[in-house]
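# Geometric and topological summary
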Amino acid sequence: MLKIRAAQLDLARQKETPEFIERFIDFISAHNFNTLGLYLEASVRTPSFPYADKNKSYSADDMRRIVDYATKRNIDVIPVVSTLGHAELFLRHPQFAHLGELREGVCGRFYGKHQSVFCPSLPETLAFLERYLTEICEIFPSPYFHAGCDEVWDVGYCSLCRQRLADGESRADIYIGHLLESHKIISGKLGRRMIIWDDMFELYPDVLEKLPRDVVLANWQYQSNVDKPCGHFNNRAKTDAFALYNKLGFEYLFCPLDENPASISSFTCYAYGHRPLGAWLTAWEKSDSLMFLHLPSYAYAARLWNGGNGGNECDCIENFAAAVRELFEINDPVFLHTISACYLAGVRLKIISPVASLSVGEHGGNAERNGLIAAALKILPQYLPEVSHEAKDVLEEMLLCLKSLNIKRLMDVIVPRFVERKAQACDNTALQKLIGEILDLQSAHEDMWRKARPGMPCEHLVSGYRKAVEYLEQLPAHSTGHGFLKVHFMLPDQHSSQKTVISIRYADSMEWEEVGSGVFKDLKDGDCFYYQLFHIDLDRIPDSLLIETRGYGGQGFTWFELHNHQGEFIPGSITSSAGQVSDPVNMLTDDWRWAFAGFRDTARSFLHPELASVTHGFTIKLLSANRS
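I will try to describe carefully the structure that is included in this document. Remember, predicted model here, so these are calculated numbers, not experimental data. (Residues numbered from 1 in each chain as written. Predicted model: local features only at pLDDT ≥ 70, side-chain atom pairs only at ≥ 80, totals over all residues. Heavy atoms only, no water.)

## Topic: the environment of Asp198
For Asp198, the location among the structural elements is in the loop between strand E5 (193-197) and strand E6 (216-220). When the C-alpha positions of Asp198 and Ala356 are compared, they lie 32 Å apart, and in sequence the two are 158 residues distant. Contacts of Asp198, omitting those with residues within four sequence positions, involve Leu217, Ala218, Asn219, Trp220 and Tyr245. One polar contact links Asp198 to Asn219, side chain to side chain, over a distance of 2.9 Å. (Helix = DSSP H or I, 4+ residues; strand = E, 2+ residues; numbered from the N terminus. Contact = heavy atoms within 4.5 Å. Polar contact = N/O pair within 3.5 Å; in protein donor to acceptor, adjacent residues only side chain to side chain.)

## A look at the environment of Phe145
Considering the arrangement of structural elements, one finds Phe145 in strand E4 (residues 144-146). Take Phe145: its relative accessible area is 1%, and that puts it in the buried class. For the pair Phe145 and Thr589, spaced 444 residues apart in sequence, the C-alpha to C-alpha distance is 57 Å. (Buried < 20%, exposed > 50% of the residue type's maximum accessible area, 1.4 Å probe, protein only.)

## Comments concerning the side chain of Thr619
Within the secondary structure layout, Thr619 lies in strand E19 (residues 616-624). According to the relative accessible area criterion, Thr619 is buried, its value standing at 9%. Of note is the side chain of Thr619, whose polar atom sits 2.9 Å from the side chain of Ser576. Setting aside chain neighbours within four positions, we find Thr619 in contact with Trp512, Ser544, Leu545, Leu546, Ser573, Ile574, Thr575 and Ser576.

## Description of the packing of helix H11 (residues 333-345) against helix H13 (residues 389-419)
The N-to-C vectors of H11 and H13 enclose an angle of 60°; their axes lie 12 Å apart at closest approach. In terms of their interaxial angle, H11 and H13 are classed as oblique. You can see that H11 and H13 cross each other, and the crossing is left-handed. Where H11 abuts H13, its residues Phe335, Ile339, Cys342 and Tyr343 lie against Val394, Leu395, Met398 and Leu402. Along the lines of polarity and charge, the residues of the contact of H11 with H13 split into eight nonpolar, no polar and no charged. (Axes fitted to C-alpha atoms, helices over the stretch in contact; angles between N-to-C directions. Parallel < 35°, antiparallel > 145°, perpendicular 65-115°, else oblique. Left-handed = near helix turned anticlockwise from the far one by under 90°. Nonpolar A, V, L, I, M, F, W, Y, C, P; charged D, E, K, R; others polar.)

## Looking at the pairing of strand E10 (residues 483-490)
Of all eight residues in E10, eight are buried; the element is thus mostly enclosed. Burial along E10 is two-sided: the residues Gly483, Leu485, Val487 and Phe489 and Phe484, Lys486, His488 and Met490 are all buried.

## Quick word on the pattern of salt bridges
Inspection of the entire model under this criterion finds 32 salt bridges. Arg348 is the salt-bridge partner of Glu259, the closest N and O atoms lying 3.1 Å from each other. With Glu259 in the loop between strand E7 (252-255) and helix H8 (261-271) and Arg348 in the loop between H11 and strand E9 (359-361), the pair connects residues that are 89 residues apart, well separated along the chain. For Glu259, a relative accessible area of 14% translates into the label buried. Accessibility expressed as a relative area gives 26% for Arg348, which makes it partly exposed. (Salt bridge = Lys/Arg side-chain N within 4 Å of Asp/Glu carboxyl O.)

## Some remarks on the layout of surface pockets
Counted as a void, the second largest pocket has a volume near 440 Å³. What lines the second largest pocket is a set of 22 residues, among which Ala12, Arg13, Gln14, Lys15 and Lys56 lie closest to the centre. Breaking the lining of the second largest pocket down by element, the ones donating at least two residues are helix H3 (88-91) and helix H15 (459-480). Tallied by class, the residues present in the lining of the second largest pocket amount to seven nonpolar, seven polar and eight charged. (1 Å grid on protein atoms, 1.4 Å probe; cavity = no way out; pocket = protein on both sides within 12 Å on 5 of 7 lines; lining within 4 Å. Points joined across faces, edges and corners; volume = space filled by probe spheres on them.)

## What about the pairing of E7?
Every second residue of E7 is oriented toward a common face, with Tyr252 and Phe254 on one face and Leu253 and Cys255 on the other, all of them buried. Here E6 pairs with E7 via four bridges, running parallel. From the neighbouring strand, Asn219 faces E7, where its bridge partner is Phe254. In this region the chain leaves E6, passes through helix H7 (residues 241-248) and returns to the parallel neighbour E7; the handedness of that crossover is right-handed. (Pairing = 2+ DSSP bridges. Right-handed = clockwise from strand over helix to strand, strands pointing away.)

## Focus: helix H10 (residues 316-328)
The end-to-end C-alpha distance of H10, which contains 13 residues, comes to 18 Å, matching closely the 18 Å that a straight helix rising 1.5 Å per residue would cover. Those residues of H10 that sit buried are Cys316, Asn319, Phe320, Ala321, Ala322, Ala323, Val324, Leu327 and Phe328. Of the surrounding elements, those touching the buried residues of H10 are helix H1 (18-30), H8, helix H9 (295-307), H11 and H13. Glu329 lies just past H10 and shows a positive phi near 60°. (Expected span 1.5 Å × (residues − 1).)

## Let's talk about unusual backbone geometry
Positive phi outside glycine occurs at Cys149, with the angle close to 75°. Tracing the sequence through the fold places Cys149 in the loop between E4 and helix H5 (159-166). On the basis of relative accessibility, which here comes to 0%, the residue Cys149 falls in the buried class. One non-glycine residue, Asn235, adopts positive backbone phi at about 70°.

## Some details on the packing of H10 against H11
Between H10 and H11, the least distance of the axes is 9 Å, while the angle of their chain directions is 115°. Note that H10 runs across H11; the crossing there is right-handed. Facing Cys316, Ile317, Glu318, Phe320, Ala321, Val324, Arg325 and Phe328 of H10, the residues of H11 in contact are Phe335, Leu336, His337, Ile339, Ser340, Tyr343 and Leu344. Considering only residue class, the contact of H10 with H11 consists of eleven nonpolar, two polar and two charged.

## Brief notes about the environment of Tyr222
For Tyr222, the position within the fold is in the loop between E6 and H7. With 41 residues separating them in the primary sequence, Tyr222 and Ser263 have C-alpha atoms 5.6 Å apart. Residues contacting Tyr222, with those up to four places away along its chain left out, are Cys255, Pro256, Leu257, Asn260, Ser263, Thr282 and Trp284. Here the side chain of Tyr222 touches Thr282 through a polar contact of 3.0 Å, side chain to side chain. Engagement of the side chain of Tyr222 in a polar contact is seen with the side chain of Trp284, the distance being 2.7 Å.

Shown next, in the form of structure tokens:
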């Protein structure tokens, strides 16, 4: 049996009531977890950090109550405090802004000035961390302390760190140096065994051997098929990471995602082929949702991690159905397989966003998943009176989630029809019905929030739904007053981060006008072929398009088409290009051959940020489709 069987709560992004945390502890204890991981960042107020909003954070006494409750149920509570990256909850306070890597006003890796990384070269950083971590360890007696250290994007940007680079150190040297200093505090002075996320060693593999062997490496994998750990921001490179850790003498945790049962199953199967210290089921960013929805995933993980059968992928459906049967106390096969199929298809409750419907996968979306949602909405409500009291909240949130996903499905049909000026009278009727369904969903969502999180504000829910309704109410008038540009993209690595700016020049002007800017991906279906819709002027003649892109991993393009009162316009010729653009002639034909702009090697651009600042692009001379 695994020594550590941990379930996580993300209290940094969404505060939960002490009563709910205690209920969660009861749940994981009943399922034979032995550890609660509390992802805190800066969510605990102490004498050295008293500045966090009381409505979004905890006092030391709040946490002592949780620790005491857990201890009586043989649950160890491990605090997770970010000690390098993900430090925004510290750095957003004026009293700590001077500790940030971007404190001097420079732009970070992703072109913004948002402070999220402690400066590892400032002595004051380590001095504060020693004070704060000492106070946290006085609250949490666990022998372990999780120091984060993942997704440290902005290292080497302040004047002190740049000087270290000029003196011959690398960013990897700066990173490992900070870990070693943190280890001296956490293990040397506070006597705790240090845990860190291991993803930065995908980019800095050469310094891994410098890490003390008592540090526990936590490997997180959220994809459905974990035959080997896959890189996150390094071209998705696969490595047998646990074999390497065994060779080097490290102990390690495997950390799947609560929202993806297939991740839990396949990662468990891989990990059981090695010698993991334990498993850690992660949960993130529940501010749009509640924790109830994914409790079946915890029950499922518990079956795998206590039984030791390795999470055989072939048994995923049956194992999950068995966990659901125990949780809901219903033996009806129709219920068990319907709700299990919903979880295995991937469900998550998020605030409705009509703008997301402007991005469309070329393969037409997931028809099977949409059919499952429609069927589940007819089947599952009848079981509400039958489920156990403990599981009723789970089913209620599942139904709320399915209604939300069904609304998104309808938006994915209706919104593009209006933007592409194809809407009929029946679409106006459907749009008004859709708005009514969103308002009903909002009411149910707010009711469930207030029930689960009494006294906690939910303005972000109200604001999110209001923006969605306003967008849809304005959609008919806005669409009839604009033409549209459809850009067909190709991107095999949806984990890259390439910022693209699209500009248009009309025949009556010499000026470029920006049409769209962003990192354009198909976040809904993960289709590598997809298109995005943009508004253009209704009456002016489009003359040219300018595409400029920079960042990490590049961006592919297959075709461009524009429609307004002047007709349809398509690429006629490539008139100029800059940087690295391969096969630009492919954009002159409406098929799935692609041109690619930018450097494909994400890891190389990460290690050499000057490459990420290079602008790649091209200019397209448009012609009327009627004259092509």
